[in-house]
Amino acid sequence: MLKISKVKNAYKEIEDVLGSDFISDKDFMKAAYSRNVDPAFPDRWADIIVKPETTEEVSHIVKVANKYKIHMVPRGGGADLVGGSVTKGGILLDLTRMNQIHEINLDDYYCIVGCGITWGSMLSELQKKGMTTGILGPGSGYSATIGGGLSNATVGFSSTKYGLVPDICLGVEVVLPDPKGTILRTGSAANQYATPFCRYGVAPDFTGLFMGDVGTMGIKCKAFLRLFPDPPFKARRYYMLLKDDYNKVFELGHKLRKEVGDGLNDLMVTPLILPTLLYAQANNKPKRMPKVTGPIFSVTLEATDQRILDVYLEIVDKIMLKDDTIRPFEWQEIDLDMVLSKDWKFTLKEEFNFFQKYISTAPPKSSCTTCHKVAISRLNESVQKGVQFNINNSKEFPPKNPPYPVFASFLMFLPNGNCVIVGGLGGDNTDENREVTMNIWHKKIRHQVRYGGAHYWLGESISQSIVEAGAYTPEFMQFFKDMKKAVDPNYLLSPNKFHLYSYDHDYTEHLVED
């Protein structure tokens, strides 16, 4: 436990710079920040809650934290399922006041935004100018921040075409967690005479050090992001396989990527269990549940001209309806309130609210994500191994489990031959079930790591599970620890992630053989 005098002294020094309105150690504030949407974790109270507005204020907080050896954890929108943005004791930095759009440069196709801005705020402004950053942010929607997306290397809508959030990042302005609170710019902005118009070529790619780091290597304050003209013509079509065949899913997904090319904005696949869940939730459902025999494809297309879009639609129909193993599908077969594909129009509202009904089926339930990427050629193998894990370990799952465990809620195809298996498990959010839930969650992540899955939403629980699985070689872990020590010599920033408690801590004591 930190000495009370240390906390009080740190509080006073931070308050002198931020002002009393943006720092608190009141119990009701600590309680409000004690968890995110990750009820598998117990409540954890910080010692101090701070809300900086500028990079310089963050730098001051870091200096004070190093002076008194107080650990820190950055927080964005708080829509986190993996223990990424809470802390027991220490300083919690709420970065949501860093929410300005500093520049939209239409000539050089980039924007500069505060990392506390939400995807909803940023994209709403860009839409007015006919521009987009491509990817629309994570499933948590309007409230998710840019910094969170970069820290978690997030996928989301339009990732099939535009990739992960770091793929649109040209650089960052970041505060290192060192005693000086060093402020650093990466990408072309590392050249103090240049604008942040590109990522590579000025120096080694230090931007990558802070991408997917889940807040362990630095505190991101500003992001320099790529801009694209937003193609005005969009369409969506749905198809259902007549058999539960993931070799066929791979074959069709591969063909669509190859033959549709840049017209393919999003490619998602819904497993069998989801239509059943949605039918149960629908307020305006058909009298009979339709016969769902296989995975459902959602194909979203975009183009700069209606004629080009029509050609894309023809190509997709030719691929998808080539034989009698697949048929056209409409979500009105499940829910009569759903719009027909021919009448579908792109709206930010739909995309930003899409995942909510899947993430938490009921408020008293824990939702433990197991989202991970796999090579599409190994999709069927990964699916089968996921199903078999659930069968082999059925007695270890929490009691009263919801319609989980399923191997996935969605499959989202990404560029360059990989896809995301979006899934998880759940259990009752009670003290007596929390340990059971956490144990099987870690075990399932370790299983996915060992069949070659690449997780991205790491936070505390998943980053620890990867270490526990023995994924990293000793050489990699030593390099990781050396890099961490270079930017954070006192190991104060997000110390629980990756089991990085100190430079001398022996990570091998956390290895688990299942």
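Given the structure is predicted, the values throughout are model-derived calculations rather than measurements.

K.L.:
Tell me about the packing of aromatic side chains, residues and numbers included.
P.N.:
Summed over the entire model, instances satisfying the criterion amount to eight aromatic pairs. Geometrically, the ring pair formed by Phe389 and Phe397 is edge-to-face, given 6.5 Å between the ring centres and 85° between the ring planes. A relative accessible area of 9% places Phe397 in the buried class. Relative to Phe480, the ring of Phe476 lies with its centre 6.2 Å away and its plane at 75°, an arrangement referred to as edge-to-face. Separated by four residues within a single helix, Phe476 and Phe480 lie in helix α15 (residues 474-487), roughly one turn from each other. By relative accessible area, which is 39% here, Phe476 ends up partly exposed. Looking at Phe480, the relative accessible area reads 13%, which means it is buried. Pairwise contacts between aromatic rings join Tyr472, Phe476, Phe480 and Phe498 into one cluster.

K.L.:
Give me the state of the cysteines: which residues, what numbers.
P.N.:
Enumeration over the complete set of coordinates arrives at zero disulfides. Unpaired in this structure, Cys169 has its nearest cysteine sulfur neighbour in Cys115, at a distance of 7.7 Å. A residue is classified by how much of its surface remains accessible, and Cys169, at 2% relative accessible area, is buried. Free of any disulfide, Cys419 has its nearest cysteine sulfur in Cys371, 12 Å distant.

K.L.:
Can you tell me about the environment of Pro42, naming the residues and giving the values?
P.N.:
Tracing the backbone through its elements, the reader meets Pro42 in the loop between α2 (27-32) and β2 (48-50). Taking the C-alpha atoms as reference points, Pro42 and His510, 468 residues apart in sequence, are found 21 Å from one another. Beyond its immediate stretch of four places on either side in the chain, Pro42 contacts Ser34, Arg35 and Arg434.

K.L.:
So what about the sheet that holds strand β1 (residues 23-24)? Which residues, and what values?
P.N.:
Judged by pairing direction, the sheet is mixed, and its four strands sit side by side in the order β1-β2-β4-β3 without closing on themselves. The open sheet has two edge strands, β1 and β3 (72-75), and neither has a second partner. On the sheet, helix α1 (residues 4-18) packs against β1, β2 and β4 (91-94) and is oriented at approximately 15° with respect to β2. Sheet strands touched by helix α3 (residues 55-68): β2, β3 and β4. Its angle to β4, the strand with the most contacts, is close to 175°.

K.L.:
Before we move on, could you go through helix α7 (residues 246-260) and cite the residues and values that matter?
P.N.:
An ideal rise of 1.5 Å per residue puts 21 Å on 15 residues; α7 measures up with 20 Å between its terminal C-alpha atoms. Tyr246, Lys248, Val249, Leu252, Gly253, Leu256 and Val260 are the residues of α7 that are buried. Burial along α7 is one-sided: seen end-on, the buried residues are contained in an arc of 140°. Gly261 occupies a position one or two residues after α7 and carries a positive phi of about 65°.

K.L.:
Hey, could you go over the sheet that holds strand β6 (residues 110-114) for me, with residue numbers and the actual values?
P.N.:
The strand order β5-β6-β10-β8-β9 describes an open sheet built from five strands, whose pairing is antiparallel. Only two strands of the sheet have a single partner each, and these edge strands are β5 (101-105) and β9 (183-185). In this sheet, adjacent strand axes meet at a mean angle of 15° when their direction is disregarded. Examined bridge by bridge, strand β8 (residues 169-175) and strand β10 (residues 219-226) share six bridges and lie antiparallel to one another. Residue pairing in the sheet places Glu173 in a bridge with Lys222 of β10. Packed on one face of the sheet, helix α4 (residues 119-128) meets β5, β6 and β10 and runs near 35° to β5.

K.L.:
Which residues make up unusual backbone geometry, and what are the values?
P.N.:
One non-glycine residue, Ser158, adopts positive backbone phi at about 75°. Considering the arrangement of structural elements, one finds Ser158 in the loop between α5 (146-151) and α6 (159-162). Look at Ser158 and you get buried, because its relative accessible area is 5%. Positive phi values are uncommon outside glycine, yet Phe498 reaches one of about 60°. If you trace the backbone, Phe498 turns up in the segment after α15. Judged by its relative accessible area of 4%, Phe498 is buried.

K.L.:
Mind laying out helix α9 (residues 306-320), listing which residues take part and the relevant values?
P.N.:
An ideal rise of 1.5 Å per residue puts 21 Å on 15 residues; α9 measures up with 21 Å between its terminal C-alpha atoms. Of the positions making up α9, those classed as buried are Leu309, Tyr312, Leu313, Val316, Ile319 and Met320. Along the axis of α9, the buried residues cluster in a sector spanning 130°; they form a single face. Turned more than 90 degrees from where α9 packs its buried face, Arg307, Glu314 and Lys318 sit exposed. On the buried face of α9, the contacting elements are β12 (233-241), α7, β14 (296-303) and β15 (326-328).

K.L.:
Give a description of the environment of Leu492 that names residues and reports values.
P.N.:
Following the sequence through the fold, Leu492 ends up in the segment after α15. With a relative accessible area of 5%, Leu492 lands in the buried category. Residues within four places of Leu492 in sequence aside, it is in contact with Ala65, Asn66, Lys69, Ile70, His71 and Met72.

K.L.:
Give a description of the pairing of strand β13 (residues 264-270) that names residues and reports values.
P.N.:
With respect to burial, β13 is a largely interior element, seven of its seven residues being buried. Where β13 lies against β14, six bridges are found, and the strand directions are antiparallel. Paired with Leu267 across the strands is Val299, a residue of β14.

How each quantity is defined
Residues numbered from 1 in each chain as written. Predicted model: local features only at pLDDT ≥ 70, side-chain atom pairs only at ≥ 80, totals over all residues. Heavy atoms only, no water. Phe/Tyr/Trp six-rings, centres within 6.5 Å; stacked < 30°, edge-to-face > 60°. Buried < 20%, exposed > 50% of the residue type's maximum accessible area, 1.4 Å probe, protein only. Helix = DSSP H or I, 4+ residues; strand = E, 2+ residues; numbered from the N terminus. Disulfide = S-S within 2.5 Å. Contact = heavy atoms within 4.5 Å. Pairing = 2+ DSSP bridges. Axes fitted to C-alpha atoms, helices over the stretch in contact; angles between N-to-C directions. Expected span 1.5 Å × (residues − 1). Arc of directions from axis to C-beta.

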